[in-house]
Amino acid sequence: MANNMTDTITKPDMTNPNNTEKNNVEPNGNTAGQSWFNRSVPGIKQQLTAPLTAVETEPSTKCSNCHSMITNTALIFNCYVCPHCDHHLPMSARERLHWILDQVDGELGQEFTAKDPLRFVDSKSYPKRMSEAQEKTGESEALIVMYGKLRNLDVVACAFDFRFMGGSMGSVVGDRFVQAAEKALEDKVPLVCFAASGGARMQEGLLSLMQMARTAAAIERLRIAGVPYIVVLTNPVYGGVTASLAMLGDIHLAEPKAMIGFAGKRVIEQTVRETLEEPFQRAEFLLEHGVVDEVVHRHQLIDTIYRLLAKLCGVPNVNA
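Keep in mind that this is a model prediction, so the values were computed, not measured.

## Focus: the overall build of the chain
- Scanning the chain from N- to C-terminus turns up 12 helices and 9 strands.
- Here the chain holds 320 residues, and the buried ones make up 38% of them.
- In the chain, the proportion of contacts linking residues at least 24 apart, taken out of those at least 6 apart, comes to 65%.

Below, the structure is given as structure tokens:
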């Protein structure tokens, strides 16, 4: 009996030593003699993430030309010029005035406030648009006027803020510019204007167009008295501002690739029935045709303005 049972036992195939292991492997990968309590538990894989760059952790601005992300700190130190493509990004009026003036002695025109004489309403009322612009920019109007020192020169400087209703010229803008011209005339100091505007403010109708004559008359008084008036054309300058105070300076400077004109490019194309290719209405195009005197990079703008004013005012150039 024992012999029969022994004969029925299947002997392992010694020619294949792995045969036993293959037969004893369970579907879950554990061997038959290994309890699932003792099986190795896979650890939690840590997801490796790259450290955040400065652009991702600091407030940043996208360049409208090359679409690079630049930290606001880098833009301020580089005068709002893109370090990648050298594109000139817009500056607010207050930043620009504090940038050019080494010392600010005061501000003019804050007592003027806009009215709504026409009760103008388009998709929104005029007071509603004004309050939205004031909330957006933190300014009361589109023109800021300050006086102070540019190195050893006393100057009056004004700048348009394009963020405020497109830098449009209404009654308050005219009041502030005339006050700036009168201050320059009274103190016999030069006036510098940074122009950036879409033109006259349609919500004030004829009252906004009257500012063209008022500002032109104030500039004429400066000319008669021999007080220098320099205009810096930034991007963009159009409409009634171009037709008045922006084109009546003793010297006209422009920033690179600034769009400058009276009517817009599309309006002219529809009128003449022609496609106007680049660089039409760019600062370089106007320089070639004698409209502006010089196109100046923003990094050289302060030195250029100071050198010209020192020459016109007959004072020693401290940089010479």
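## Focus on unusual backbone geometry
- For the peptide bond that leads from asparagine 235 to proline 236, omega is -10°, which places it in the cis range.
- You can see proline 236 is positioned in strand E7 (residues 229-237).
- Cis rather than trans, the peptide bond between glutamate 278 and proline 279 has omega equal to 5°.
- Position of proline 279 relative to the elements: it lies in the loop between helix H10 (265-272) and helix H11 (283-288).
- Phi is positive for lysine 257, close to 65°, though the residue is something other than glycine.
- Among the structural elements, lysine 257 can be located in the loop between strand E8 (251-254) and H10.
- For lysine 257, a relative accessible area of 51% gives the class exposed.

## Focus: the nonpolar core
- Phe160, Phe177, Leu191, Tyr229, Leu233, Val241 and Leu245 are the most contacted members of the largest nonpolar core, which totals 41 residues.
- Within the residue set of this core, elements represented by two or more residues are helix H6 (126-137), strand E4 (143-150), strand E5 (153-160), helix H7 (171-187), strand E6 (191-197), helix H8 (206-225), E7 and H11.
- For this core, the element with the most residues is H7, which contributes 6 residues.
- Other than its neighbours up to four places away in sequence, leucine 233 contacts Ala195, Ala246, Met247, Leu253, Ala254, Glu255, Ala258, Ile260 and Val292.
- Val155, Ile251, Tyr306 and Leu309 belong to the second-largest nonpolar core, a separate cluster that totals 24 residues.

## Side note on the sheet that holds E5
- Taking strand neighbours across the sheet as the criterion, the 7 strands line up as E3-E4-E5-E6-E7-E8-E9 in an open arrangement whose pairing is mixed. Sheet topology places strand E3 (103-108) and strand E9 (294-295) at the edges, where each strand pairs with a single neighbour.
- Across 4 bridges, the pairing between E7 and E8 is parallel. Bridge pairing links valine 231 to histidine 252 in E8.
- The strands touched by helix H5 (residues 93-100) within the sheet are E3, E4, E5, E6 and E7, with E4 carrying the most contacts at an inclination of about 10°.
- Of the strands in this sheet, E4, E5, E6, E7, E8 and E9 touch helix H12 (residues 298-313), which is tilted by about 175° from E8.

## With respect to the environment of glutamine 179
- Among the secondary structure elements, glutamine 179 is positioned in helix H7.
- Along the chain, glutamine 179 and alanine 218 lie 39 residues apart, while their C-alpha atoms are 8.9 Å from each other.
- When sequence neighbours within four positions are dropped, the list of residues in contact with glutamine 179 reads Leu108, Gly109, Glu111 and Phe112.

## Here we look at a nonpolar patch on the surface
- Residues Leu206, Leu207, Leu209 and Met210 make up a contiguous nonpolar surface patch of about 380 Å² in total accessible area.
- Assignment of secondary structure puts leucine 209 in helix H8.
- Judged by its relative accessible area of 45%, leucine 209 falls in the partly exposed class.

## Structural notes on the packing of aromatic side chains
- Counting across every chain of the model gives 2 aromatic pairs.
- Geometry around tyrosine 306 places arginine 151 over its ring, the cationic atom sitting 5.1 Å from the centre.
- Here the basic side chain of lysine 183 rests over the ring of tyrosine 147, its NZ or CZ set 4.4 Å away from the ring centre.

## Re the side chain of threonine 242
- Considering the arrangement of structural elements, one finds threonine 242 in helix H9 (residues 239-242).
- Excluding residues within four positions of it along the chain, threonine 242 makes contact with Val237, Met247, Gly261 and Phe262.

## Looking at the packing of H5 against H12
- The interhelical angle for the contact between H5 and H12, taken along N-to-C directions, is 55°, at an axis separation of 11 Å. Taken as axis vectors, H5 and H12 run oblique relative to one another. Of the residues in H12, those touching H5 at Arg96, Trp99 and Ile100 are Arg298, Leu301, Ile302 and Ile305.
- A breakdown of the residues in the contact of H5 with H12 according to their chemical character gives 5 nonpolar, no polar and 2 charged.

## Observations regarding the side chain of glutamate 139
- For glutamate 139, the location among the structural elements is in the loop between H6 and E4.
- For glutamate 139, the side chain forms a polar contact with the side chain of arginine 94, separated by 2.7 Å.
- If we skip the residues at most four places from it in the chain, glutamate 139 touches Arg94, Gln134, Ile144, Asp161 and Phe164.

Conventions adopted
- Residues numbered from 1 in each chain as written.
- Predicted model: local features only at pLDDT ≥ 70, side-chain atom pairs only at ≥ 80, totals over all residues.
- Heavy atoms only, no water.
- Helix = DSSP H or I, 4+ residues; strand = E, 2+ residues; numbered from the N terminus.
- Buried < 20%, exposed > 50% of the residue type's maximum accessible area, 1.4 Å probe, protein only.
- Contact = heavy atoms within 4.5 Å.
- Core = buried A, V, L, I, M, F, W, Y, C linked by side-chain atoms within 4.5 Å.
- Pairing = 2+ DSSP bridges.
- Axes fitted to C-alpha atoms, helices over the stretch in contact; angles between N-to-C directions.
- Patch = residues over 30% accessible without salt bridge, like charges linked within 9 Å, V, L, I, M, F, W, Y side chains within 5 Å.
- Areas by Shrake-Rupley, 256 points an atom, 1.4 Å probe, with all protein chains shown as cover.
- Salt bridge = Lys/Arg side-chain N within 4 Å of Asp/Glu carboxyl O.
- Phe/Tyr/Trp six-rings, centres within 6.5 Å; stacked < 30°, edge-to-face > 60°.
- Lys NZ or Arg CZ within 6 Å of the ring centre and 35° of its normal.
- Parallel < 35°, antiparallel > 145°, perpendicular 65-115°, else oblique.
- Nonpolar A, V, L, I, M, F, W, Y, C, P; charged D, E, K, R; others polar.
- Polar contact = N/O pair within 3.5 Å; in protein donor to acceptor, adjacent residues only side chain to side chain.

None of this, on its own, says anything about what the molecule does.
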